[in-house]
Amino acid sequence: MALPSNVEPSVLHNLAKHAPGVESAFMKKIREQSMEALNRSPFPHRKMEDWRFTDLKPITRTEFVSMDEAGIRPAIDVEKYYIPESDRSRLVFINGEYQEKYSSIGGLGKGVTVGNLADHLDDKEVEEYLNKLVNYENDPFTHYNGLMFTDGSYIHLEKGAKAEAPIHVLNLYTDSVKPYVSTPRMLVVAEEESDVTIIEDHIGLSDNKYMTIPVCEIKVKQKAHIHHARIVRDSLEAVHVSRPIAYVEKNSEYHSYTITLGAKLSRNEPKVIQEDEEVDFTLDGLVLIDGEQIADTHSTMDHRFSHAESHQLHKVVVNGKAHSIFNGKIFVRRDAQKIDSFQENRNLLLSLDGLVNTKPQLEIFADDVLCSHGATVGQLDAEEVFYLQSRGMTEEKAKEVLTYAFALETIENIKVNSVHQLLIDEVYRYTKANNVDKVTA
Amino acid sequence: MLEIKDLHVVVEGENEEILKGVNLKVNKGEIHAIMGPNGSGKSTLAKVAAGHPEYEVTKGDIIYEGESVLEMDPDERAHAGIFLAFQYPVEVPGVTNSTLLRESYNTIAASRGREELDPLEFQDYIQDKLELVQMKPEFLERAVNTGFSGGEKKRNEIFQMAVLQPQLSLLDETDSGLDIDALKIVADGINKMHGEDDAIVLITHYQRLLNYIVPDYVHVMIGGKIVKSGGKDLALQLEEKGYDWLESYATVNGEAN
Ligand SMILES: Nc1ncnc2c1ncn2[C@@H]1O[C@H](COP(=O)(O)OP(=O)(O)OP(=O)(O)O)[C@@H](O)[C@H]1O
Ligand SMILES: [Mg+2]
């Protein structure tokens, strides 16, 4: 089904011919639309404003092959990554493929549907929203996902349904002979007054190269609440390009926390789009990177109606030669009054070779708006280090404690205990491993 | 216990001297007060003794328990029993008072040959110390000094002193910011802690504190030097006459050197 491409072919365009066939007319339509869109979407390069700072070599210098050619190795120790709270509310995907035998979906209570998208193509909501919510113009990654995905997570909550347990969406990536590209997909529809917590996990099982392109569509209807934690623990050689988009209706809440620990290159483009008045949303992030990792967040918070409260705290710790990029777009449309929007990007630079690019981007067309925003790049505070040392901590320990404390703030908001603890351990491991060099004056 | 000899100090990388030859000797069991005008170098002296990396000693020495501490890191000095109560206690967001104190207590205990305490034992231990300075237990779970009022920060410093049981305490303007009642409570606490084996150096602007904590010696620092030393009456004289009458003495002395 390959069409002649209108743009210079990239790895994504080249692999398009491997798109798996589909039966349903509905999916065929998605394939066609995605193919068409992919063919007019150029692969990004440094001359594009939104890609100025991002080194794409981890993609362009890697020979990705189709799943069939990759020599996929089996997944090991899958159970190790389970969380106890989601013992009966877990979806497992290996390289994007649904795993019934590892999944367990009986424990969610009335009115909650959870399963593999491929098994729910006839559901009304799937037809209504799948591939309709996603909105990333000219983005070959999104369209590539649309062209390639067959399985995916489907989460639906009926009116008033409250999920009895957090839903763990466990994406595992296996070792392989050659680098492959995986396209996890997710659709979440929370009807009126429903409530759910989702833990979206991405874990590399080995240290191999692969690319994952998760696309996630979320609809939060009136008075519904979604708490969405996203954890990037991909292999340190991997590329992670994610597109989570959420639409928030009247009186709804959407709170998302993205924790980036893994991946050689990650590019996260979360969007929240306000669809009515009186909403409350969060797009927080924590990034802990080292070595030659690149973590890029380009977010959009689109305030289209009055009375919105939005919050974005993006915290970053950079060590080694790592590079963090943050671009936070805040739109406040002309008729959106009484908006209270908070954005802050705080960067802690632990090494001399680390690099941080940060840019808040406010486009405000209304006048009754409270928008606070700021970005800081700093090292550990020398006075704080001295204070702790004067209380007996070694310099190393003091820096460890301060780094840990810096990172902890975002994690505090993650409500699922075992995940909270797991992240504390990860933060601790990070601060320990990075024998936080003598960088303070 | 402490002997400061002809101490000259500059800010790391700069030329101008802040301390210009300080001499001070403190024995076990003594309380010394250092007074002097703003900017005369009192805090600098205390911070240098605690090992602040911002300052460089260009001449002289600090001898503590018979050994020079100049090559010791601040934490090593804390382990040796030196404690600095900061004039401006630092806020450390994200680290709770109790975390800091248990960590500190145990590292110091380990290096001073005292027994380390597990979290439960530590709970008990700390209870008495809270009472000693009448601090509310809620403060234990708050981030160190973060959002504390000026007076609360000062009280927290003395609380830490009580927990860590130092041998040499340098208290930099602990009285500033405390209300009248709090001053009495804190002074009382300090008096209770003080014994024959430890020494205290108080830096203060106000004679009032010295009514509560009676010093054995009072020193006046002007222009980076100690220009006059005396008994507790010297503080009363200063209260009455200010520093003017010593100012000339300082310059003469300065030029004579
Ligand atoms: N890090 C520094 N950089 C530059 N100047 C400094 C630094 N630290 C101290 N100084 C200067 O050294 C002098 C002594 O300062 P210090 O804080 O020791 O005074 P002090 O006697 O404690 O005053 P106060 O009574 O106001 O607390 C001041 O002029 C101060 O500005
Ligand atoms: Mg001072």
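In this text the structure is predicted, and so the values were computed from the model without any measurement.

(A) Quick peek at helix α6 (residues 180-193) of chain B. Residues and elements named next belong to chain B. The terminal C-alpha atoms of α6 lie 20 Å apart, and with 14 residues this matches the ideal 20 Å at 1.5 Å per residue to within 8%. Of the residues making up α6, those classed as buried are Ala182, Leu183, Ile185, Val186, Ala187, Gly189 and Ile190. Elements that come into contact with the buried residues of α6 comprise α4 (119-132), α5 (150-164), β9 (168-172), β10 (199-203) and α7 (207-212). If you check the start of α6, you find a side-chain oxygen 2.9 Å away from the backbone N of aspartate 181, and it comes from aspartate 179.

(B) Representation of the sheet that holds strand β1 (residues 2-11) of chain B. Residue and element names in this part refer to chain B. Strand order in the open sheet formed by four strands is β2-β1-β4-β5, and the pairing between neighbours is antiparallel. Two strands bound the open sheet, and with one partner strand each, they are β2 (17-26) and β5 (67-68). Examined bridge by bridge, strand β4 (residues 55-64) and β5 share two bridges and lie antiparallel to one another. Following the sheet pairing, isoleucine 63 is matched in β5 by serine 68. Against the sheet, helix α1 (residues 42-50) touches β1, β2 and β4, its axis set at about 70° to β4.

(C) Layout of the nonpolar core. Within the largest apolar cluster, 67 residues are counted, with the highest numbers of intra-cluster contacts made by Leu388 of chain A together with Leu7 and Leu168 of chain B. When residues in this core are grouped by element, the largest group, eight residues, is from helix α7 (residues 395-411) of chain A. Not counting residues within four places of it along the chain, the set of residues in contact with leucine 7 of chain B comprises Leu19, Lys20, Gly21, Val22, Leu45, Val48, Val57, Lys59, Gly60, Asp61 and Ile62 of chain B. One finds Ala109, Ala182, Ile200 and Leu234 of chain B within the second-largest nonpolar core, a separate group that totals 46 residues.

(D) Main features of the sheet that holds strand β1 (residues 90-94) of chain A. Residues and elements named next belong to chain A. Across the sheet, which stays open at both edges, the 10 strands sit in the order β2-β1-β5-β8-β11-β13-β16-β18-β20-β22 with mixed pairing between neighbours. Of all strands in the sheet, those bounded by a partner on one side alone are β2 (97-98) and β22 (369-378). Pairing between strand β16 (residues 279-289) and strand β18 (residues 308-318): nine bridges, direction parallel. Along β18, the bridge assignment pairs glycine 285 with histidine 314.

About the criteria used
- Residues numbered from 1 in each chain as written.
- Chains lettered and ligands numbered in written order.
- Predicted model: local features only at pLDDT ≥ 70, side-chain atom pairs only at ≥ 80, totals over all residues.
- Heavy atoms only, no water.
- Helix = DSSP H or I, 4+ residues; strand = E, 2+ residues; numbered from the N terminus.
- Expected span 1.5 Å × (residues − 1).
- Buried < 20%, exposed > 50% of the residue type's maximum accessible area, 1.4 Å probe, protein only.
- Contact = heavy atoms within 4.5 Å.
- Polar contact = N/O pair within 3.5 Å; in protein donor to acceptor, adjacent residues only side chain to side chain.
- Pairing = 2+ DSSP bridges.
- Axes fitted to C-alpha atoms, helices over the stretch in contact; angles between N-to-C directions.
- Core = buried A, V, L, I, M, F, W, Y, C linked by side-chain atoms within 4.5 Å.

Such coordinate-based values are descriptive only and should not be taken to indicate function.
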